[in-house]
Each structure stands twice: as structure tokens, then as C-alpha cells.
Amino acid sequence: MPENLRLAVAVLGHAASVSLYAAPIVTFKRVIRKKSTEEFSCIPYIIGLLNCLLYAWYGLPAVSYKPENFPLATVNGVGIALELSYVLIYFWYASAKGKRKVAMTAIPVLLLFSIIAAVSAFAFHDHRHQKLLVRSIGFGVSVAMYASPLVVMKKVIQTKSVEFMPLPLSVCSFLATLLWLTYGLLIRDIFVAGPCVIGTPLGILQLVIYFNYRKGSAVEEPNKGDTEKGNLEKVGIEIGKLEMNVTNHMNGNFQDVDIEIGKLEMNVTNRMNGITREQCVKGKD
């Protein structure tokens, strides 16, 4: 019975892990559609890539001589393909600043994995020490992977919107950590259960935050075409107001000129009438 239970939990854990790796597909469909990474962070995907690389390496015969660890290589092989795809898509659609951030994060991560693989393969000649090295570093990376959504949770709390924290990713993260925590406790392996001790509460926290702020909605930024159209409309309105002011001003000036001319004509007429009356009076005298 315990053996069957461990097997069932392991199968469910592998399925949950694949679902966790596949969950960001929804996010990157949006990135491709909008041709922008918006406010999404690249950190969780780069850390996820390193985690998959380490555990895939751990499951290969170069490190693990027992066949029970080989499923780790297959599951995390799928994870490598997906996480690498996410990083490349993010890099393609990121701004110049975003591309620099991806490069400055991803290159050291890949170098770190290369060093770990080289040391474990050539510096140690027994599987026990090889496994201990890879599992120890994988432990820390798994903790970092489960903690990486804290960046997104901070943004959710600041904006009061879950727009950039998709529900499928949060649900899959919680299920995967819960199942692997159970499996690690069943086989009494601290390297399997340890990261999930942190990951499971963080998964619960993600879900609590999501359902607390799910009614909020971030204001979508208008696209470039709409912005330019709005700017042109504003310019047109300002030009219209300016023309109206100029016209009113000119009309006002013309009215003032007409009034002054009328006054001048009246003064001239009155003076001419006065001169004529004086001449008539002198003629009578």
C-alpha cells in the first residue's frame, strides 16, 4: 500500500509539474498578440529554466545510477523546452532595457549550470557525491523558483489588480508543491520535501491574494496608433480654438475701427454744420 501510494503521488506530482511548466502559455499568447511584455517579469522563467536544467541533469545516468530518478530527466526535459521558449519569446518582444535585463540574468544562470555540470561530471567520480552536489544546489534554486512570484505579488498589491498574475499558474504552482511535499515526506527525502515547505505556503498566499484582488482591473495602456490619433485630435481642437480666438479678435478690432470711423465722421459732420451756420449768420448781418 505505501509503495502504491508513493507511486500515485509521484505520477500526480509529475503531471502537476508539467502543468506548472505549461501554465505560462496563456501569458505568452498575450505577449505575442500584443507584441509587448508589458509588466510581466522574466525572473520566474529564467529561474524555472535553471531549476529544470539542474533536475534534468540530476535524473540522467551521469549523476544518478538508479533508474527511479530517470522520470525527473523526462519531466524536466519538457520543462527546459517550455521555459527556454518563454525566455526567448520574452527577449524578442521586450524593450531594449528589457532585453538587457534578460541577458544579464540568463547568461550568468547558464554559466552557473555549465560549471555545476562540469564539476559534478569531472571533479567527482562517485554518484553519491555527484548527487549530493546537484541536489544541494537544486534545493536552493527550487526555493528561489517558488519564491520568485513574490515580485508579482508585490505588484498585485500595489496595483490592486491580478492582471499580471494568471490564476492557472498560481493553481499549478500550489498543486505541484503540495504533491512533491507529500512525496518527499513519504520517501523521507529532505531535498524533495524541503523546497516545497516554502513553496506550498507561497502557493496558498498567491491564491489568497488572487481571490482578494480578482475584481480589480488595471487600466490598459492605449496602443501607439490610438495614442497618435488622440494626439492629432487634440492638436486639431487646439488649432480650431486658436483660429476662433484670432477671428473673434480680428472681428473685435474691425468693430472698434468701424466705431472710431463713425465717431470721426460724426465729428466732421458736426463741425461742417457749425461752420455753415456761422456763415449763414454772417451773411444776414
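Residues numbered from 1 in each chain as written. Predicted model: local features only at pLDDT ≥ 70, side-chain atom pairs only at ≥ 80, totals over all residues. Heavy atoms only, no water.

## Remarks on the overall build of the protein
1) Next: Across its full length, the protein carries 10 helices and 0 strands.
2) Next: Taken from N to C terminus, the helices and strands of the protein fall in the order α-α-α-α-α-α-α-α-α-α.
3) Next: Put simply, the protein has 285 residues, and 35% of those count as buried.
4) Next: Taking the contacts inside the protein whose residues are at least 6 apart along the sequence as the reference set, 77% of them involve residues at least 24 apart.
5) Next: Carbon and sulfur atoms make up 67% of the accessible area of the protein, which totals about 17,800 Å². (Helix = DSSP H or I, 4+ residues; strand = E, 2+ residues; numbered from the N terminus. Buried < 20%, exposed > 50% of the residue type's maximum accessible area, 1.4 Å probe, protein only. Contact = heavy atoms within 4.5 Å. Areas by Shrake-Rupley, 256 points an atom, 1.4 Å probe, with all protein chains shown as cover.)

## Some details on the environment of His14
1) Next: Looking at where His14 falls in the secondary structure, it is placed in helix H1 (residues 2-22).
2) Next: A residue is classified by how much of its surface remains accessible, and His14, at 18% relative accessible area, is buried.
3) Next: In this structure, the C-alpha to C-alpha distance between His14 and Asn76, residues 62 residues apart in sequence, is 9.2 Å.

## Brief notes about the packing of helix H3 (residues 43-59) against helix H5 (residues 96-123)
1) Next: Viewed as axis vectors pointing N to C, H3 and H5 meet at an angle of 10°, and their least axial separation amounts to 10 Å. Between H3 and H5, the crossing angle belongs to the class labelled roughly parallel. Note that H3 runs across H5; the crossing there is right-handed. Between H3 and H5, the residues in contact are Ile43, Ile46, Leu49, Leu50, Leu53, Leu54 and Trp57 and Lys101, Val102, Thr105, Ala106, Val109, Leu110, Leu112, Phe113, Ile116, Ala117, Ser120 and Ala121, respectively.
2) Next: Looking at the contact of H3 with H5, its residues break down into 16 nonpolar, 2 polar and 1 charged. (Axes fitted to C-alpha atoms, helices over the stretch in contact; angles between N-to-C directions. Parallel < 35°, antiparallel > 145°, perpendicular 65-115°, else oblique. Left-handed = near helix turned anticlockwise from the far one by under 90°. Nonpolar A, V, L, I, M, F, W, Y, C, P; charged D, E, K, R; others polar.)

## Brief notes about unusual backbone geometry
1) Next: The phi torsion at Lys35 lies on the positive side, around 55°, for a residue other than glycine.
2) Next: Along the polypeptide, Lys35 turns up in the loop between helix H2 (25-34) and H3.
3) Next: Despite not being glycine, Lys160 has its phi angle at roughly 55°, a positive value.
4) Next: Along the chain, Lys160 turns up in the loop between helix H7 (150-159) and helix H8 (167-187).

## Comments concerning the nonpolar core
1) Next: Ile46, Tyr90 and Phe113 are the most contacted members of the largest nonpolar core, which has 34 residues in total.
2) Next: No other element matches H3, which puts 9 residues into this core.
3) Next: Counting 9 residues, the second largest nonpolar core, distinct from the first, contains Val156, Val162, Met165 and Tyr213. (Core = buried A, V, L, I, M, F, W, Y, C linked by side-chain atoms within 4.5 Å.)

## Considering the environment of Thr37
1) Next: Residue placement: Thr37 occurs in the loop between H2 and H3.
2) Next: Taking C-alpha positions, Thr37 is 6.3 Å from Tyr90, a pair spaced 53 residues apart along the chain.

## Concerning the confidence of the model for the protein
1) Next: Overall, the predicted model of the protein reaches an average pLDDT of 78, with 74% of residues at or above 70.
2) Next: Taken as a whole, residues 217-228 scores under 50 in pLDDT and shows 7 contacts with residues more than four places along the chain or in a different chain. (pLDDT = per-residue confidence, 0-100.)

## Concerning the environment of Val119
1) Next: Along the chain, the position of Val119 falls in helix H5.
2) Next: In this structure the C-alpha to C-alpha distance between Val119 and Gln130, which are 11 residues apart in sequence, comes to 8.5 Å.
3) Next: Setting aside its immediate chain neighbours within four residues, Val119 contacts Phe124 and Leu133.

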